[in-house]
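As a plain string of letters, each chain reads:
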Amino acid sequence: MTMTHSYHDSSLPGVLFDRTSWTPLLELSTREVFDIMLCTRLQPVEHPVGPSEAQFTALVGLAGNICGVLSIRCSEEAARVMASKMLGMPPDEVDNDSLDALGEIANMIAGNFKGKLSGVGNHCMLSVPTIIVGTDYETRSLSGGNTIETTFDFERKPLWVTLELHD
Amino acid sequence: MSQIKAMIVDDSSVMRKIVERSLRQAGLDLSPVLEAGNGAEALGLLDGNTVDLILSDINMPVMDGLEFVRQVQTVDKLRHIPVVMITTEGSESNVVQALSLGAKGYIRKPFTPDQVKEHVLSVLGL
């Protein structure tokens, strides 16, 4: 499957991409969501590998004076544990809530991140989350841009959080 | 106050469960909670049910939370119900717009149960 996306709105003032400051903000935004909603402290991954084992992907679009897509990718088991922690129930009692929980986590990370960027919050909207199950897909941006990718250890399972921004 | 009848409007079933749990952790004596996946569904449920409190997301398909609040305010028998927004859309302009449309409170996701408790008890005057 191939997905294409373009959310550019030229009527809004652009925000200058700054990898040096935005990367820690994305990491902080992710950590806060896990701290508050899952009572879990994410650990950094020193030597990250690619998301080959990520069966679940949640995507949230950003449109306005920053435009792009935030994605969070993880294994099915990781998503199940996330849902169980959010709901306060054993992992084996979680059913279809895994996908819903992953989408909400992506939504909260995106909202938390844009809220931390000065001057962005009022001029950037979020899409409702999209969930992809499986690994046989690729995404292609319609315009060039920048990508920030961070990897965490969640309960000894990898978690990839990526922000793809358009020019 | 007798049992509180609450409605939770969110397109995420997980989030509806978390909000309900937060209400119970706040010590509220809740009757069975009404749930809706978007504003239009919520308006339909309110046609045949009375509630004391509504907690609503903003970013939802079909009818978003801001339009839902606006429509609640146009119905005489509904406009007295306090609506608290719970959303990731926490920008200042969203807060101002929601409050100007009639919302009585605003909680940003991610949230703690204590934040839900504080806002809900405040709007209910408890």
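A.B. asks: Whenever I open this one, the overall build of chain B confuses me. Can you help?
C.D. replies: Looking only at helices and strands, chain B has five helices and five strands in total. Listed by position from the N terminus, the elements making up chain B come as β-α-β-α-β-α-β-α-β-α. C-alpha extents for chain B along the principal axes are approximately 30 × 30 × 25 Å. Looking at chain B residue by residue over its 126 residues, the buried ones come to 42%.

A.B. asks: Before we go on, may I ask you to explain the interface of chain B and chain A in this structure?
C.D. replies: Interface size, as often reported, equals the accessible area lost upon joining of the parts. Facing 19 residues of chain B, the contacting portion of chain A comprises 23 residues. Elements represented by at least two residues in the side of chain B that touches chain A include exactly α1 (13-25) and α4 (92-101) of chain B. Tallied by class, residues from the side of chain B that touches chain A come to five nonpolar, eight polar and six charged.

A.B. asks: Explain α1(B) here, please?
C.D. replies: Residues and elements named next belong to chain B. Across its 13 residues, α1 extends 18 Å between first and last C-alpha, which sits within 8% of the 18 Å expected from 1.5 Å per residue. All buried positions along α1 are accounted for by Val14, Met15, Arg16, Lys17, Ile18, Val19, Ser22 and Leu23. Gly27 sits one or two residues past α1 and shows a positive phi near 90°.

A.B. asks: Can you help me understand the sheet that holds strand β2 (residues 34-36) of chain B in this one?
C.D. replies: Two strands in a sheet stick together by hydrogen bonds in their backbones, pointing the same way (parallel) or opposite ways (antiparallel). Residue and element names in this part refer to chain B. Taken in spatial order, the five strands make up an open sheet running β2-β1-β3-β4-β5, and their pairing is parallel. Two strands close off the open sheet at either side, each with one partner strand: β2 and β5 (105-108). Taken pair by pair, the neighbouring strands of this sheet meet at an average axis angle of 15°, ignoring direction. Across four bridges, the pairing between strand β1 (residues 6-9) and strand β3 (residues 53-56) is parallel. Across the sheet, residue Ala6 finds its bridge partner in β3, namely Leu53. This element, α1, spans β1, β2, β3 and β4 (83-87) of the sheet and lies at about 150° to β1. Strands in contact with helix α3 (residues 65-73) are β1, β3 and β4; relative to β4, the strand with the most contacts, it is inclined by about 175°.

A.B. asks: Looking at this structure, I do not really get the environment of B:Leu66. What am I missing?
C.D. replies: Residues and elements named next belong to chain B. Inspection of the secondary structure puts Leu66 in helix α3. Each C-alpha atom of the pair Leu66 and Gly102 lies 9.3 Å from the other, and the pair is 36 residues apart in sequence. Ignoring any residue separated from it by four or fewer positions in sequence, one finds Leu66 in contact with Ile58, Gln97, Ala98 and Leu101.

A.B. asks: I keep staring at the confidence of the model for chain B and nothing clicks. Help me out?
C.D. replies: A low pLDDT means the predicted coordinates there should not be read in detail. Mean pLDDT over chain B: 93, with 99% of residues reaching 70 or higher. For this predicted complex, the interface confidence comes out at an ipTM of 0.88, alongside a pTM of 0.89.

A.B. asks: Please explain the nonpolar core as it appears in this structure.
C.D. replies: Buried together is how nonpolar side chains tend to be arranged in soluble globular proteins. Residue and element names in this part refer to chain A. Core analysis: the largest hydrophobic core is formed by 75 residues, its most contacted members being Ile72, Ala79, Met82, Leu102, Ile105, Ala106 and Ile109. Top contributing element to this core by residue count: helix α3 (residues 97-116), with nine residues. Ignoring sequence-local partners within four residues, the contact set of Ala79 consists of Phe56, Cys74, Ser98, Leu99, Ala101 and Leu102.

A.B. asks: In this structure, what is going on with the environment of A:Leu62? I would like to understand it.
C.D. replies: Residue and element names in this part refer to chain A. Checked against the element boundaries, Leu62 lands in strand β3 (residues 56-64). On the basis of neighbour count, Leu62 is assigned to the buried category, with 24 C-beta atoms found within 10 Å. Spatially, the C-alpha atoms of Leu62 and Asp100 are 19 Å apart, while their sequence positions differ by 38 residues.

A.B. asks: Sorry, what's going on with the confidence of the model for chain A here?
C.D. replies: With 88% of its residues at a pLDDT of 70 or more, chain A shows a mean pLDDT of 86. Across residues 1-10 of chain A, confidence stays below pLDDT 50; counting only partners more than four residues off in sequence or on other chains, it has 26 contacts.

The rules behind these values
Residues numbered from 1 in each chain as written. Chains lettered and ligands numbered in written order. Predicted model: local features only at pLDDT ≥ 70, side-chain atom pairs only at ≥ 80, totals over all residues. Helix = DSSP H or I, 4+ residues; strand = E, 2+ residues; numbered from the N terminus. Buried ≥ 20, exposed ≤ 12 C-beta atoms within 10 Å, placed from the backbone. Contact = placed C-beta atoms within 7 Å. Nonpolar A, V, L, I, M, F, W, Y, C, P; charged D, E, K, R; others polar. Expected span 1.5 Å × (residues − 1). Pairing = 2+ DSSP bridges. Axes fitted to C-alpha atoms, helices over the stretch in contact; angles between N-to-C directions. pLDDT = per-residue confidence, 0-100. Core = buried A, V, L, I, M, F, W, Y, C linked by C-beta atoms within 7 Å.

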